[in-house]
Amino acid sequence: MMLHIVLLASILTAAQCFQLNMTQFYEMPSLYDFDDYDRCLQEYDGQASTYCFVRAEVQPDESVAAWRAIAEISQYDRHHLDHTQLYFGLCLRECEASLADLDKSELAALEAGLLTGNAKVNVYLDLFSMEAESRQRHQRLTNACLNWRLQRQGFGLMAKSVVEYCNEAGRQVEDDAWNLSFYAILGALLVLACLSSLVDLHLKRGRHDKMLKERDHYKTPPKSTTQQVLLTFSVARNWYRLNQEPCGKIGRELRFLDCFKFFAMFMVIFAHTNWVIYESAISNPQDPERMLHSAAGTLLVSGSLITVTFFVISGLLLTINWLAATRTMQTKRDTWSFGQYSLLFVKFNVFRYIRLTIPYGFVLLMSGVYFDNAGGPMWRHIFEREQLSCRRNWWTNLLYINNFVRTDERCLLQGWYLAADTHSFMLSLVVLMLGHRFAKWSKQLYAGVLAFFVVLPAVLTYVMDYYPIFIPTPQTQKDSFIGDRQFTEFYTSSLMNFGCYFCGVLAALVYDQLSLKQYKLRELKCFQLLWFTLIPVGVLWMFSAHPIFQHYYVAPSAIWGALYAGLQRNIWGFGLAVFIVGMAGKVGWIFRKFSCLPIFRILGRLTYGAFIIHLLVARIVLATVREPLYFGTGMMFAFILFTVTVSYLCSFLLAIFLELPVSSFLKLMR
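Here is a short report on the structure shown in this document. (Residues numbered from 1 in each chain as written. Predicted model: local features only at pLDDT ≥ 70, side-chain atom pairs only at ≥ 80, totals over all residues. Heavy atoms only, no water.)

1. Re the overall build of the chain
In terms of helices and strands, the chain carries 31 helices and four strands. Considering only C-alpha atoms, the chain reaches an extent of 95 × 65 × 45 Å along its principal axes. Within the span of the chain, comprising 670 residues, buried residues form 53% of the whole. Look at the contacts in the chain between residues 6 or more apart in sequence, and 83% of them connect residues 24 or more apart. When the accessible surface of the chain is totalled, it reaches about 30,800 Å², and 63% of it is carbon and sulfur. Counting 60 positive and 52 negative side-chain charges, the chain places the centres of these two groups 19 Å from one another. (Helix = DSSP H or I, 4+ residues; strand = E, 2+ residues; numbered from the N terminus. Buried < 20%, exposed > 50% of the residue type's maximum accessible area, 1.4 Å probe, protein only. Contact = heavy atoms within 4.5 Å. Areas by Shrake-Rupley, 256 points an atom, 1.4 Å probe, with all protein chains shown as cover. Lys, Arg positive; Asp, Glu negative; His and termini not counted. Charge placed at Lys NZ, Arg CZ, Asp CG, Glu CD.)

Listed below in C-alpha cells is the structure:
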C-alpha cells in the first residue's frame, strides 16, 4: 500500500499546473448577461414584448486590458471556458430604452457586425432556422445593445453577435403529427396496461386453489399462450417480474453485476449532469476552472473510463448467451452449416434490436415532443435544440449509426454508446462463430483479435494525430460536443472501444471454463491477492493521465502518447474482466456480499431505462434557469441526486409499461 501511495504522489507532482490569476480574471466581462425574463414578457400587459437569446464573440484588441486577460486565460483550453464567447439574454424594450438617447453616428459606432464564422454557433442557427426572420429583424438592435453594455461596464471591448432565437409574449405551441403520435402511443400503452391488469385480476379471482397465496398468482406462469399474450402488460405481474430473483447457477453467480451497472450508471449521470450544467449558465466559472487544475480535475477527466464497464459487461453477457445457445443446438454432426450460423446471427441481432429499440424509440419520440416554454431564456438553447435534433436525425439513432453520422446534431447524445455497443456486438458474434467453427484455432483467433484491437487505437492515434486521452473541456461540454473531433473519432468510435468489449467476451469464456471444470478461485490465495490489488491499481490507473492532462508546457511525445491511448481503456477493460471473473468465482468477501444485496436487483434492471432517459431529465431541470447558477458542491450534488432519482423513477415506469412487456413478447417468439 505504501508503494501505491508513493506512486500516486509522484504522478500528481509530475505535472506543472497553471495558477489562475484572479485579478486578471475579473478584468474580463461576465460570460452571461441576462435581463429579467419574466418581467420582460409580463410587464406590459397586452403589448408585444420580445426577449432574444444572443451569441456574441469578442473581437481582438491588444490595447485593451480585458482582451489581454481573455487571451491569456482562454489559451488554457483544457481547463477553461473560451471567454471570447459571451451569452446575452436581451429584453428588446430595455435595449430600445438604453439606446434611445444616442444619435445615428453613436449607434453606428456600437455595431461590430454579424457573427458568421463560428461553425459551432452556425449549427444552432441551422437548427433554429425558423428564427431567420426574427434574427434579421433584431440583429442591429441586439448587437448595438450588447456592445453598449460592454462599453458602459468599462471593458472597452466590441463583439460581433447573432440572434439565436427570440421569445415573444403569448407564444403558444400547437400540437403537430409528432406530438399527436406520442400522445396516441402513450394512451395506447395505458389502455393496454389497464386491460391486461383487469384480465389478470379476473383470472386471480377465478382461481380455486386455496393453498396459493394471493401474490403467488402473479408469479405463476400463465397456462396458455393466449393468456401469456393477454397478460403481457399486466402491471402487477410486471412488478413481480422486475423483482424476481435470478434463475439458475449462472444467474446467481453473476447477480453482483446489477450493483456494477447501478454504480457505473450513477457515475455516468454524475458526469452528464455536470456537462449540462456547463451547457447552461454558471455565475462562477472560475471555480470549476480552478478545480480542473487539481487532482480532482484529473479524476473527472479519467472518469470517462467508467463507460468501459458497460462494454465489458455487454461482451460478457453476449458470450454467455452464445454459449447457452450453442449447447442447446448441439447435433450429432461435428460442424454446423453456414445456414445455421447465419440463422443464429440473425436471431441474436433481431431479438437484441427489438429489445433495445422499442423503449429507445419511445424515449426518442418523447424527446421530440414540443410543449410550451416551461423555463427561461435558455430553455430553447438547452432543451428545444434536443427536440429539433431528434426530429431531424431520429433515424440515425434507430439504425445505430449516430456515433459517426450527423454527429453535430445528435439526438440523445449518450446514444453513441448504444451504436458502438451494437457494432461491437455484431463483430464479437462473428468472432465467436469463427471460434466455434474452427475450434482448434480458437485460442489463437481470440488472442489475435484482442491484440489487433489493442494496437489499433494506438496506430489511429499516431496516424490521425489524436490527443492521447479524451478531455471533455469546459467549452466542448458547453457546445454540446459539436465539432469536437476528439469526441467523435477518438472517444465514441466503435473501433476504439472494441478491445474493451472483447475483454468481456474473453472473461465469459474463462468463466465458462472455470465453471465446467469446477475450479474454485476463492481457494487460490495468489488470485485473491491479485483481485484485491486490482482496487488500488485501478485508482492509480485513473490518475495515470494526470501528467498528460495537466502539462501545458511540453507537448506529449507522439509515440508515447499513442502507446498510452492504446493502453488506457484496454488495460482498464482487461482489469475489470479479471475482477468480474474473480467475483463470479466468489472472490471478494464483503465486496461481493454488498454487491449481491437485493436492492441492486431492481436498480440494475432499471439501468438501461435510466441510461436512455437521464439526459432528457437533466436538460428539463437545467433548462429552467432564469439566471446564472452558482456552481458549488452542494448545488452540483443536488442536481445530480435529483436527476438520478427522477431518471430511475421514469425508468421504472418505462420498464413496467413497455420494456418488460416487450421482453415477454420476445420470450413467446423464441
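2. A few points about the pairing of strand β4 (residues 159–168)
When you tally the buried positions in β4, you get eight out of ten residues, the bulk of the element. The pairing of strand β2 (residues 50–58) with β4 spans nine bridges and is classified as antiparallel. Looking at β4, one finds that F53 is bridged to Y165. (Pairing = 2+ DSSP bridges.)

3. Re a nonpolar patch on the surface
Together, V455, V459, Y462, V463, M464 and I559 make up an exposed nonpolar region whose accessible area comes to about 570 Å². Summarising the element assignment, V455 is placed in helix α21 (residues 442–464). Looking at V455, the relative accessible area reads 47%, which means it is partly exposed. (Patch = residues over 30% accessible without salt bridge, like charges linked within 9 Å, V, L, I, M, F, W, Y side chains within 5 Å. Salt bridge = Lys/Arg side-chain N within 4 Å of Asp/Glu carboxyl O.)

4. Let's talk about the packing of helix α20 (residues 416–437) against helix α24 (residues 494–516)
Direction vectors running N to C along α20 and α24 enclose 55°, while the axes themselves pass 9 Å from each other. What the angle tells us is that α20 and α24 run oblique. You can see that α20 and α24 cross each other, and the crossing is right-handed. Only S494, N497, F498, Y501, F502, V505 and L509 of α24 make contact with α20, whose side of the interface consists of W416, A419, A420, D421, H423, S424, F425, L427, S428, V431 and L432. When grouped by side-chain class, the residues that make up the contact of α20 with α24 number twelve nonpolar, five polar and one charged. (Axes fitted to C-alpha atoms, helices over the stretch in contact; angles between N-to-C directions. Parallel < 35°, antiparallel > 145°, perpendicular 65-115°, else oblique. Left-handed = near helix turned anticlockwise from the far one by under 90°. Nonpolar A, V, L, I, M, F, W, Y, C, P; charged D, E, K, R; others polar.)

5. Structural notes on the packing of helix α14 (residues 257–279) against helix α31 (residues 633–669)
Relative to each other, α14 and α31 sit at 125°, their axes nearing to 9 Å. With respect to each other, α14 and α31 are oriented oblique. Viewed along their axes, α14 and α31 form a crossing whose handedness is right-handed. Residues F262, M265, F266, I269, F270, T273, N274 and I277 of α14 form the contact with α31, whose participating residues are M635, M636, F637, F639, I640, L641, T643, V644, S647 and Y648. Here the residues of the contact of α14 with α31 are counted per class, giving 14 nonpolar, four polar and no charged.

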